[in-house]
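Working through the structure, step by step
So the chains spell out like this:
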Amino acid sequence: KAGVTQTPRYLIKTRGQQVTLSCSPISGHRSVSWYQQTPGQGLQFLFEYFSETQRNKGNFPGRFSGRQFSNSRSEMNVSTLELGDSALYLCASSGGGSSTEAFFGQGTRLTVV
Amino acid sequence: AQSVTQLGSHVSVSEGALVLLRCNYSSSVPPYLFWYVQYPNQGLQLLLKYTSAATLVKGINGFEAEFKKSETSFHLTKPSAHMSDAAEYFCAVRRNTGFQKLVFGTGTRLLVSP
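Below, the structure is looked at part by part. Everything numeric in this text was worked out from a predicted model, so none of it was measured.

The rules we used
- Residues numbered from 1 in each chain as written.
- Chains lettered and ligands numbered in written order.
- Predicted model: local features only at pLDDT ≥ 70, side-chain atom pairs only at ≥ 80, totals over all residues.
- Heavy atoms only, no water.
- Pairing = 2+ DSSP bridges.
- Helix = DSSP H or I, 4+ residues; strand = E, 2+ residues; numbered from the N terminus.
- Axes fitted to C-alpha atoms, helices over the stretch in contact; angles between N-to-C directions.
- Disulfide = S-S within 2.5 Å.
- Buried < 20%, exposed > 50% of the residue type's maximum accessible area, 1.4 Å probe, protein only.
- Core = buried A, V, L, I, M, F, W, Y, C linked by side-chain atoms within 4.5 Å.
- Contact = heavy atoms within 4.5 Å.
- Buried area = accessible area lost by both parts, 1.4 Å probe.
- Salt bridge = Lys/Arg side-chain N within 4 Å of Asp/Glu carboxyl O.
- Phe/Tyr/Trp six-rings, centres within 6.5 Å; stacked < 30°, edge-to-face > 60°.
- Lys NZ or Arg CZ within 6 Å of the ring centre and 35° of its normal.

Side note on the sheet that holds strand 6 (residues 56-58) of chain B
All names here are of chain B. Taken in spatial order, the five strands make up an open sheet running 1-3-8-7-6, and their pairing is antiparallel. Both edges of this open sheet fall to strand 1 (3-7) and strand 6, since each of them pairs with a single strand only. Neighbour to neighbour, the strand axes of the sheet diverge by 20° on average, direction disregarded.

This is the structure we're talking about:
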């Protein structure tokens, strides 16, 4: 069974631009969560999608948004990039419902210059 | 609200020595608890989980953890460290409901010397 796939692995953007990151969950999983990892703030929850609906959101500005498609693939978008958005963005896949564990992708390393 | 405290940002052990990484949690509802490991430039790999069944949980690579409700702890141990165990370890908590939001500790970097 293929794992969680995140694309691209690395990305360099300029301040003010926007970026879209993609996540393909494990086949059959309906829940996708996104996390931001930085040296200063650690791992922080961005949002969770389940069956195309956002059902939980972390404490991030509205520049951070996401969506989930009918095949459970998810994208997250960051608009008007700031230097502080440089981070490793991790996607986690779970069966949802009574499923207990989340499986993570390799992450997308975003650098904002 | 839920939170996790990991004591010690760095832990150093010799190869073959006992590994003990500490995690204390706070949760207003019965929690699910997890340990993840992260190698450089990689995602998180699940080591083990506690989901209210057995309090002593065995995971991959010889790691285990014991859930102690009275101490609100979920410490990770391994009897004998291997060089390949050098990595960063994260303890995480979430509600025992369908929502998948994980709250992570700040991580402990394990250094293993020959």
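There's plenty left to go through after this.
A look at the state of the cysteines
Residues and elements named next belong to chain A. Tallied over the entire structure, the rule returns two disulfides over all chains. Each sulfur of the disulfide joining Cys23 and Cys91 lies 1.7 Å from the other. With the S-S dihedral at roughly -55°, the linkage between Cys23 and Cys91 falls on the left-handed side. With Cys23 in strand 3 (residues 19-24) and Cys91 in strand 9 (residues 87-94), the pair connects residues that are 68 residues apart, well separated along the chain. For Cys23, a relative accessible area of 0% translates into the label buried.

Points about the nonpolar core
Considering soluble globular proteins, one finds that nonpolar side chains tend to be buried as a cluster. One finds Trp35(B), Leu48(B), Leu76(B) and Tyr89(B) to be the most contacted residues of the largest nonpolar core, which totals 26 residues. Of all the elements in the fold, those that place two or more residues in this core are strand 2 (10-14), strand 3 (19-26), strand 4 (31-38), strand 5 (44-50), strand 7 (64-68), strand 8 (73-78), strand 9 (87-95) and strand 11 (108-113) of chain B. Excluding residues within four positions of it along the chain, Tyr89(B) makes contact with Gln6(B), Leu21(B), Trp35(B), Tyr36(B), Val37(B), Leu47(B), Phe63(B), Leu76(B), Gly107(B), Thr108(B) and Leu110(B). With 21 residues, the next largest nonpolar core counts Val19(A), Ile26(A), Leu81(A) and Leu110(A) among its residues.

Considerations on the environment of Thr14(A)
Residue and element names in this part refer to chain A. With respect to the helices and strands, the residue Thr14 is situated in the loop between strand 2 (10-13) and strand 3. A sequence separation of 66 residues divides Thr14 from Thr80, and the C-alpha atoms of the two residues are 9.3 Å apart. In this structure, Thr14 is in contact with Leu81, Val112 and Val113, ignoring residues within four places of it in sequence.

What about the interface of chain B and chain A?
Taken together, the contact between chain B and chain A spans 20 residues of the former and 24 residues of the latter. When chain B packs against chain A, close to 1,800 Å² is buried across both sides, 51% of that on carbon and sulfur atoms. There are one salt bridge connecting chain B and chain A. With its nearest N and O atoms 2.6 Å apart, the salt bridge here joins Glu101(A) to Lys49(B). For the side of chain B that touches chain A, the secondary-structure elements that each account for two or more residues are strand 4, strand 5 and strand 9 of chain B.

What to know about the packing of aromatic side chains
Across all of its chains, the model carries 14 aromatic pairs over all chains by this definition. Centroid distance Phe34(B) to Tyr36(B): 6.3 Å. Interplanar angle 35°. Geometry classified as tilted. Comparing Phe34(B) with Tyr36(B), the two get one shared label, buried. Summarising the aromatic geometry, the rings of Phe63(B) and Tyr89(B) are spaced 5.6 Å apart at their centres and angled 50° between planes, so their arrangement reads as tilted. With Phe63(B) in the loop between strand 6 and strand 7 and Tyr89(B) in strand 9, the pair connects residues that are 26 residues apart, well separated along the chain. For Phe63(B), a relative accessible area of 2% translates into the label buried. Taken together, the ring pairs in this structure connect Tyr35(A), Phe45(A), Phe104(A), Phe34(B), Tyr36(B), Phe90(B) and Phe104(B) into an aromatic cluster. Above the plane of the ring of Phe50(A) lies Arg55(A), whose end atom (NZ or CZ) is 4.4 Å from the centre.

A look at the pairing of strand 6 (residues 53-57) of chain A
All names here are of chain A. In terms of strand pairing, strand 5 (residues 42-50) meets strand 6 through four bridges, oriented antiparallel. Counterpart to Phe50 in the pairing with strand 6 is Thr53. Between strand 5 and strand 6, which pair antiparallel in sequence order, lie two residues; one of them, Ser51, sits at a positive phi of approximately 50°.

Geometric descriptors of this kind do not, in isolation, establish any biological role.
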